[in-house]
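Chain residues, written in single-letter form:
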Amino acid sequence: MEEDSIMDKQALLRKIPKIDELINSEELQSKCDEIPSWIVLESIRETIDELRSFILEGTESVLESFKFDEFSIIEKAIVKIREKQQNNVRRIINATGTILHTNLGRANLSERAGFHVQETASAYSTLEYNVKEGKRGSRHDLVSGLVAKITGAEDAMVVNNNAAAVLLCLSALAKDKNVVVSRGELVEIGGSFRIPEIMELSGSNLIEVGTTNKTHLRDYRKAALDREVALMLKVHTSNYKIVGFTQEVEIEELVELGKELEIPIIYDLGSGLLCNLEPYGIHEPTVQETVASGADLVLFSGDKLLGGPQAGIIAGKKEMIAAMKAHQLARVIRVDKMTLAALESTLRTYLDMETAKAEIPILSMITMTPATTKENAEKLVERLEEIGGDFQFEIIPGESQIGGGSTPNQFIKGFVIACISNSITPDNLEKNLRFNDIPIIGRISNDRYIIDPRTLFNSDYDSIVNAFKKIWNDINGK
Ligand SMILES: *Cc1c(COP(=O)(O)O)cnc(C)c1O
């Protein structure tokens, strides 16, 4: 018996066509006309290697139903060729309803910012050149005026991200010195940014005050009177909420204490909201009100609620910003021309708040009314039903999230599409949509596949309809 199956395997291995035969086949030639030959060769080799190990390791019953003909092998190789040609950073469709999805690239740029990046990226630019004076300029000056104008701060600078902004601030202003932070605000953001660790890295000395759930102003005062303190740092607990028996010192009170004791107050705000979203039920402090509270420096991200590129923005007192600009680390964590172009265009949009809400994608998603999500869901369902598969679509009330480590416990009400089918499980539907040319990322809830129209762009609708069409055709063997 055993010998028999070994013989069978040898016979199967011999059945695999030769590499040359495959490469020269008309089938492959016609499909891979313009593809570099090394990609074709590498893909064929890999396919054949996989096939050989599959034969050697496979049980008889599995091998029986397996196809080893030229056509099937070429089909497999073409899948590999496609994968090798695909960019690793590429567009996907976010049907999850999580607006600032950390895994899906956080904020998406406005059209205006996108054009500005494109124009700047492939040309020479004014990055460090002052055209009026015909001499060297500073990249810091390109957006600091806009940040100051919009936030009301004296001055501003921009670095790689907000984690870098916190590191620079502590390194430049508090190396080997004491910095007071509330125990309730020793946050971890996104698994890799932790306040105690970033402080250690900066060489500043963390003085913890209060407890996890309660910190009083007197705790800060006592810590500052007991020793020399360089800074007091307040951290916005942007990705969690402490509820119940709690006490947090508001920024205004801390600013007063700072004035009295002559200690600068730094506020790591994180989310960078520039537009009041209270009318839309989103409770989150704006940068403007934080600056107005009198904090000496306010630090925030460019790609969270601001809706721009990845960046860390520091807004506040001129002389403190000058000290940070002069620090070696400022050069290490500086931003490039594409970031500055995207940030400048995004900030310009904020010169008129109504324009900002209409043109900055994450703001228009947040402010989209439930009625609009319903209309959009209806439009998509109508087109999906035209496919004629056995999918059943139902429009049901749902909740979207802002995400990106902001506004925990705050959900935005709207309508979502729930999909079921007798021919395909929700898990397989999810997988098939994820494997689409432009991957479609949705979620499964109560055994139904959910599409949230809040995070879809107009251009996504055709792709979703085509993906469902393809899945239905595959089910039918067409
Ligand atoms: C998000 C966040 C950070 C980190 O900002 P990145 O731009 O992701 O580096 C730091 N502090 C707070 C409070 C945050 O919310």
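All figures in this text were calculated on a predicted structure; none of them were measured in a lab. (Residues numbered from 1 in each chain as written. Predicted model: local features only at pLDDT ≥ 70, side-chain atom pairs only at ≥ 80, totals over all residues. Heavy atoms only, no water.)

Novice: Quick question: what am I supposed to make of a negative patch on the surface here?
Specialist: A surface patch of like charges, here negative, comprises Glu250, Glu252, Glu253, Glu256, Glu278 and Glu289. Counting residues per element, the negative patch draws most heavily on helix 12 (residues 251-261), at three residues. Looking at the secondary structure, you find Glu278 in the loop between strand 10 (265-270) and helix 13 (287-292). (Patch = residues over 30% accessible without salt bridge, like charges linked within 9 Å, V, L, I, M, F, W, Y side chains within 5 Å. Areas by Shrake-Rupley, 256 points an atom, 1.4 Å probe, with all protein chains shown as cover. Salt bridge = Lys/Arg side-chain N within 4 Å of Asp/Glu carboxyl O. Lys, Arg positive; Asp, Glu negative; His and termini not counted. Charge placed at Lys NZ, Arg CZ, Asp CG, Glu CD. Helix = DSSP H or I, 4+ residues; strand = E, 2+ residues; numbered from the N terminus.)

Novice: Would you explain the sheet that holds strand 4 (residues 155-159) in this entry?
Specialist: Within a sheet, neighbouring strands are paired by backbone hydrogen bonds and run either parallel or antiparallel to one another. Taking strand neighbours across the sheet as the criterion, the seven strands line up as 4-12-11-10-9-5-8 in an open arrangement whose pairing is mixed. Each having just a single partner strand, strand 4 and strand 8 (205-209) make up the two edges of the open sheet. On average, adjacent strands in this sheet sit at an angle of 20° to one another, irrespective of strand direction. Sitting on the sheet, helix 11 (residues 217-226) touches strand 5 (178-182), strand 8 and strand 9 (231-235), and the angle it makes with strand 8 is about 140°. (Pairing = 2+ DSSP bridges. Axes fitted to C-alpha atoms, helices over the stretch in contact; angles between N-to-C directions. Contact = heavy atoms within 4.5 Å.)

Novice: What am I meant to see in the sheet that holds strand 17 (residues 448-451) here?
Specialist: Spatially, the four strands line up as an open sheet ordered 13-14-17-16, and their pairing is antiparallel. One side of each edge strand has no neighbouring strand; the edge strands of this open sheet are strand 13 (391-403) and strand 16 (443-445). Between one strand axis and the next, the sheet turns through 40° on average, direction left out of account. Sheet topology note: the strand 14 (residues 406-421)/strand 17 ladder contains three bridges and is antiparallel. For Ala418, the partnering residue across the bridge sits in strand 17 and is Ile450. The sheet contacts of helix 20 (residues 426-434) involve strand 13, strand 14, strand 16 and strand 17, and relative to strand 17 the element is tilted by about 40°. Strands strand 13, strand 14 and strand 17 of the sheet are contacted by helix 21 (residues 460-475), whose axis makes an angle of about 135° with strand 13.

Novice: Would you mind going over the environment of Glu354 with me for this structure?
Specialist: Mapped onto the secondary structure, Glu354 falls in helix 17 (residues 353-359). Separated by 16 residues in the primary sequence, Glu354 and Met338 place their C-alpha atoms 25 Å from one another.

Novice: How should I be thinking about the site of the ligand in this particular structure?
Specialist: Around the ligand, 13 residues are found, and the nearest of them are Arg106, Ser238, Asp268, Ser301 and Lys304. Within the backbone of Asn162, one N or O atom sits 3.0 Å away from an oxygen atom of the ligand. One of the side-chain nitrogen or oxygen atoms of Lys304 is found 2.7 Å away from an oxygen atom of the ligand. Expressed as a share of its isolated accessible area of 380 Å², the protein-covered part of the ligand is 95%. Elements with a contribution of two residues or more to the shell around the ligand: helix 9 (162-174) and strand 10. The class makeup of the residues in the shell around the ligand is four nonpolar, six polar and three charged. (Near = heavy atom within 4 Å. Polar contact = N/O pair within 3.5 Å; in protein donor to acceptor, adjacent residues only side chain to side chain. Nonpolar A, V, L, I, M, F, W, Y, C, P; charged D, E, K, R; others polar.)

Novice: Explain the pairing of strand 5 here, please?
Specialist: Regular strands have side chains that alternate between both faces of the sheet. Extensive coverage of strand 5 is indicated by the burial of five of its five residues. Neither face of strand 5 is left uncovered, since the one carrying Asn178, Val180 and Ser182 and the one carrying Val179 and Val181 both have all their residues buried. Across five bridges, strand 5 lies against strand 8 in parallel orientation. Counted as the bridge partner of Asn178 is Asn205 from strand 8. (Buried < 20%, exposed > 50% of the residue type's maximum accessible area, 1.4 Å probe, protein only.)

Novice: What's the story with the pattern of salt bridges in this structure? I'm lost.
Specialist: Side-chain pairs of opposite charge can arise where the charged atoms are in close proximity. Using the criterion set out here, one finds 26 salt bridges in the structure. With a shortest N-O distance of 2.7 Å, Lys80 and Glu50 are connected by a salt bridge. Within this pair, whereas Lys80 is found in helix 6 (residues 70-85), its partner Glu50 is found in helix 4 (residues 37-57), the two being separated by 30 residues in sequence. Here Lys80 falls in the buried class, since its relative accessible area comes to 16%. Look at Glu50 and you get partly exposed, because its relative accessible area is 47%. Note that Asp460 is salt-bridged to Arg91, the shortest N-O span being 2.8 Å. Placement of the pair is Asp460 in helix 21 and Arg91 in the loop between helix 6 and strand 1 (93-94), with a sequence separation of 369 residues. Through salt bridges with shared partners, a single network forms among Glu128, Arg136, Arg139 and Arg334.

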